[in-house]
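# Tertiary structure, described
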Amino acid sequence: MTDPLLAVRDLTISSASQTLVHPLNFAIAPGERVGLIGESGSGKSLTSSAVMGLLPSELTAQGEVALAGESGNLLTQSEKSFARLRGSRMSMVFQEPMSALNPLMRVGDQVAEVMRLHRTASGDAASKRAIELLDQVHLPDPSAAAKAYPHQLSGGQRQRIMLAIALANSPDLLICDEPTTALDVTVQSAVLDLIDEQVTARGTGLLFITHDLAVVARVCERVMVMNAGRVVETGTVDEIFTAPQHEYTRGLLAASDLTATDSRGRLFTIATADQYAGADQQATAAEVPVTSEQTHESAPAAAPEPTTASAPEPEPATASGAADLIEMTGVVKTFTRRAGLFRSHRVEALKGIDLSVRAGGRMGIVGESGSGKSTLLSILSGLEVPTAGAVRVGDVVVDPDDQSGLTAMRRDLQIVFQDPYASLDPRMSVAEIIGEPLRSMQVGRDERLGRAEEMVEAVGLDLDALTRFPHQFSGGQRQRISIARALVTRPRILVADEPVSALDVSVRAQVLNLLADLVDDYSLTLVFVSHDLGVVRHLCSDVAVMRSGEIVEQGRTDQVYDEPAHAYTRALVAASPTIHAALSA
């Protein structure tokens, strides 16, 4: 049997008041690819930080971490000894490359720096090798990229730079901590292919940390499932994803499968995972899209609900005869950006957008970063003025000079933002946060409190939440508060801008189910923006695909996903990771 590259025995991580990671044991063989999955707060990143000697000073690690070829316990090594190993024998790729890269250094110098520090190359040889590494991670024009600063590169390019730095000295162990969480699906796919390619070519051991089970199924051979500081299950990818033994693992699998729904057409959660058939048995069902409106096999024969999708063309009415509630015609938005003291250039964020959404419809808008999704929402909500074109919301033609019209429109249209913590005032109680939109409507204090109580219960929180503050809630709970605030004015339209992209899979399922229930209960029209095609396919009846400020394709969700007409749509669909596709590969 091959000796392990990395052996972790009885690793315990504690703060002054509690144990955060309970005795943990695992090993990684040379060239083996191991995934560590679990929700936020489960101890995944703490484990990797302990292995790399990067734990914050207020935390203590006990146990043993052994690296092949190194004598003694790494946990007892001095910082000087750890610094010798980091970047040479062990390397790490972090979640947010912009935070990990030096904004004042050209990226080529940053790649060369790690070689100079460990004396594997120096001078011009290090600079030349840096360009070679940038070429190996498939950066276009590596010589020019080496001269760029981090802010001049895209998110995917910055992550490629991080991978080049991590692999510069051909380490024996590579740790990737959520390296693709913030990336678009096509960029994510390219980065995952690159990690797989480089690890295989070098025979590097890989510890891949994520909460995205589909990514682990694609990249790794073996999986460890972590919950509340303990590894509750371990096994091969096939064993864990097709025959999980622990109830928490079954819950994660059920919640992450956006193609599987219960008898009500809602996603499975950890609480309802006992009804989930399993990833392997859902594979057949995955080939047939199941939207949230379809609750039984006989549903297509039933009378259409108000949320039934419209046809791909905006002109025909839905089966319910509903009129367009939102209409955007020829919308253009051009920004002028300065490029130096005397120079500027024009950026076309939107290029003649035509979009209509029927009353009661569920419209998904997908596309990569920079495609114009957020600009479209800003114009739709009256926060930005279009350079050309017209926008109508209900009976109101959006005009920034018409304050009374904007007030009426914003009463009918409310937004749920991506980051609930950034959009909630930390100094206000939940009751004040939810009731705040009613103040501009001159609603009295008692009625505001009554409406806040109604909405808190509607989003599944206890009434005692009203007296608490945002920092006292989890991410999923904060997003529920954001939804309650959006619905307190009883709008007709709910706009959701990436509302679940930062959430764990189990919390994501809960929030998506909540949105589906509220859209039905309150007869809302939903505009849902996301780069996650699986989420949009589950929740929306129609979809518009955006690229470079244009809608390149739109229509019924199942039609666009199953028979995409545009090459860009086909690329997005093909790049979206799923457990089914990974297991059948």
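Residues numbered from 1 in each chain as written. Predicted model: local features only at pLDDT ≥ 70, side-chain atom pairs only at ≥ 80, totals over all residues. Heavy atoms only, no water.

Rules: UniProt positions are given in the numbering used here, feature names are shortened, and annotations may be inferred rather than shown by experiment.
In the annotation of an unreviewed UniProt entry, the protein is listed under the name Oligopeptide transport system permease protein OppB (TC 3.A.1.5.1) and assigned to Brevibacterium yomogidense. Its UniProt record, at the heading Sequence similarities (unreviewed entry), says of the protein: "Belongs to the ABC transporter superfamily."

### Some remarks on the domain arrangement of the protein
As a reminder of what qualifies: Where each domain begins and ends follows an automated or database-derived domain assignment. Two residues form a contact once any of their heavy atoms are found within 4.5 Å. The buried area of a pairing is the accessible area, by a 1.4 Å probe, that goes missing from both parts when the two are put together, added over both. By salt bridge we mean one thing: a side-chain nitrogen of Lys or Arg within 4 Å of a carboxyl oxygen of Asp or Glu. Here a polar contact is recorded for every N or O atom pair within 3.5 Å, except that within protein the pair must consist of a potential hydrogen donor and a potential acceptor, and residues adjacent in sequence are included only if both atoms are side-chain atoms. Helix and strand definitions follow DSSP, with helices as H or I runs of at least four residues and strands as E runs of at least two, each counted in order from the N terminus.
For the protein, the domain assignment lists domain 1 (1–89 + 172–243), domain 2 (100–170), domain 3 (249–279) and domain 4 (359–584). Listed as interface residues are 19 residues of domain 1 and, on the opposing side, 17 residues of domain 4. Across the domain 1/domain 4 interface, buried area totals approximately 1500 Å², and carbon plus sulfur atoms make up 60% of it. Run the count over domain 1 and domain 4 and you get zero salt bridges. In this structure, the connection of domain 1 to domain 4 is made through three residue pairs in polar contact (both at pLDDT 80 or more). Mapped by element, the contributors of at least two residues to the side of domain 1 that touches domain 4 are α8 (185–202), α9 (213–219) and α10 (237–242).

### Considering the nonpolar core
Formally: Definition used in this section: a nonpolar core is a set of buried Ala, Val, Leu, Ile, Met, Phe, Trp, Tyr and Cys residues joined via side-chain atoms within 4.5 Å. A 1.4 Å probe rolled over the protein chains alone gives each residue an accessible area, and that area as a share of the maximum for its type sets the label: buried under 20%, exposed over 50%, partly exposed in between.
Counting residues in each nonpolar core, the largest one holds 60 residues, and the members touching the most others are Val111, Met115, Ile161, Leu174, Phe208 and Phe241. Ranked by residue count, the leading element in this core is helix α7 (residues 155–167), at seven residues. Counting 54 residues, the second largest nonpolar core, distinct from the first, contains Ala486, Val488, Leu503 and Leu526.

### Here we look at the packing of aromatic side chains
Using the following cut-off: Aromatic rings from Phe, Tyr and Trp, with only the six-membered ring used for Trp, were paired whenever their centres fell within 6.5 Å, and each pair was classed as stacked if the ring planes differed by under 30 degrees, edge-to-face if by over 60, and tilted otherwise. Two limits define a charge over a ring: the Lys NZ or Arg CZ must be within 6 Å of the ring centre, and within 35 degrees of the ring normal.
Summed over all chains, the structure comprises one aromatic pair. The residue whose ring lies beneath Lys333 is Phe335, and the NZ or CZ to ring-centre distance is 5.1 Å. A cation over a ring is seen here: Arg468 above Phe473, with NZ or CZ 4.3 Å from the ring centre.

### Regarding the pattern of salt bridges
Pairing between side chains of opposite charge can happen when their charged atoms approach one another. Per the counting criterion, the structure on display carries 23 salt bridges. Between Glu447 and Arg451 there is a salt bridge, and its shortest N-O distance comes to 3.1 Å. Taken together, the positions of Glu447 and Arg451, both in helix α17 (residues 445–458) and four residues apart, correspond to about one turn of that helix. Owing to a relative accessible area of 45%, Glu447 belongs among the partly exposed residues under this scheme. Under the relative-accessibility criterion, Arg451 is labelled buried at 8%.

### Re the layout of surface pockets
Put simply, the test is: In this analysis, the protein atoms alone were mapped onto a 1 Å grid. Cavities are point sets where a 1.4 Å probe fits without being able to get out; pockets are open sets with protein on both sides within 12 Å along at least five of seven lines; lining residues have an atom within 4 Å of a point. Grid points are joined across faces, edges and corners, and a volume is the space filled by probe spheres set on the points.
Size it by volume and the second largest pocket reaches roughly 550 Å³. Lining of the second largest pocket is provided by 26 residues; of these, Glu368, Ser369, Gly370, Lys373 and Ser374 occupy positions nearest its centre. Mapped onto the domain boundaries, the lining of the second largest pocket takes at least three residues apiece from domain 1 (1–89 + 172–243) and domain 4 (359–584).

### Observations regarding the pairing of strand β8 (residues 222–227)
Test applied: By this definition, two strands are paired if DSSP reports at least two bridges between them.
Judged by how many residues are buried, β8 sits mostly within the fold: five of six residues are covered. In the sheet, strand β3 (residues 33–37) pairs with β8 via four bridges, with the strands oriented parallel. Bridge assignment links Gly35 to a residue of β8, and that residue is Val223. The sheet contact formed by β8 and strand β9 (residues 230–236) spans six bridges and is antiparallel.

### Thoughts on the sheet that holds β9
What counts, and what does not: Where helices are involved, their axes are fitted lines through C-alpha atoms of the stretch in contact, as for all axes, and angles between N-to-C directions lie from 0 to 180°.
With mixed pairing, the six strands of this open sheet are ordered in space as β5-β6-β7-β3-β8-β9. Two strands close off the open sheet at either side, each with one partner strand: β5 (90–93) and β9. Adjacent strand axes in the sheet meet at a mean angle of 15 degrees when their direction is disregarded. Its contacts with the sheet put helix α1 (residues 44–52) on β3, β5, β6 (173–177), β7 (205–210) and β8, and the angle it makes with β6 is roughly 150 degrees. Of the strands in this sheet, β8 and β9 are in contact with helix α11 (residues 247–256), which crosses β8 at around 105 degrees.

### Here's the deal with the sheet that holds strand β2 (residues 19–28)
Read from one edge to the other, the open sheet built from three strands follows the order β2-β1-β4, with strand pairing classed as antiparallel. Strand pairing shows two members of the sheet lacking a second neighbour, β2 and β4 (60–67), which therefore form its edges. Averaged over all neighbouring strand pairs, the angle between strand axes comes to 5 degrees, with direction disregarded. Strand direction decides the pairing type here: strand β1 (residues 6–14) and β2, joined by six bridges, are antiparallel.

### Here we look at the state of the cysteines
Which entries qualify depends on this criterion: What counts as a disulfide here is a pair of cysteine sulfur atoms lying within 2.5 Å.
Scanning the entire structure with this criterion turns up zero disulfides. Considering cysteine sulfurs only, Cys220 is the nearest to Cys176, which forms no disulfide, with 9.0 Å between them. With relative accessibility at 0%, the residue Cys176 sits in the buried group.

### A short note on the pairing of β3
For β3, the tally of buried residues reaches five of five residues, placing the bulk of the element in the interior. In β3, alternate side chains face the same way, and those of Arg33, Gly35 and Ile37 on one face and Val34 and Leu36 on the other are all buried. Bridge analysis of β3 against β7 gives five bridges, and the strand direction is parallel. Bridging across to β7, Arg33 finds its partner in Leu206.

### Describing unusual backbone geometry
Working note: non-glycine residues mostly have negative phi, and peptide bonds are mostly trans. Positive phi outside glycine occurs at Ala228, with the angle close to 55 degrees. Positive phi, normally seen in glycine, also occurs at Arg490, with a value near 55 degrees. Along the chain, the position of Arg490 falls in the loop between α18 (475–487) and β16 (493–497).

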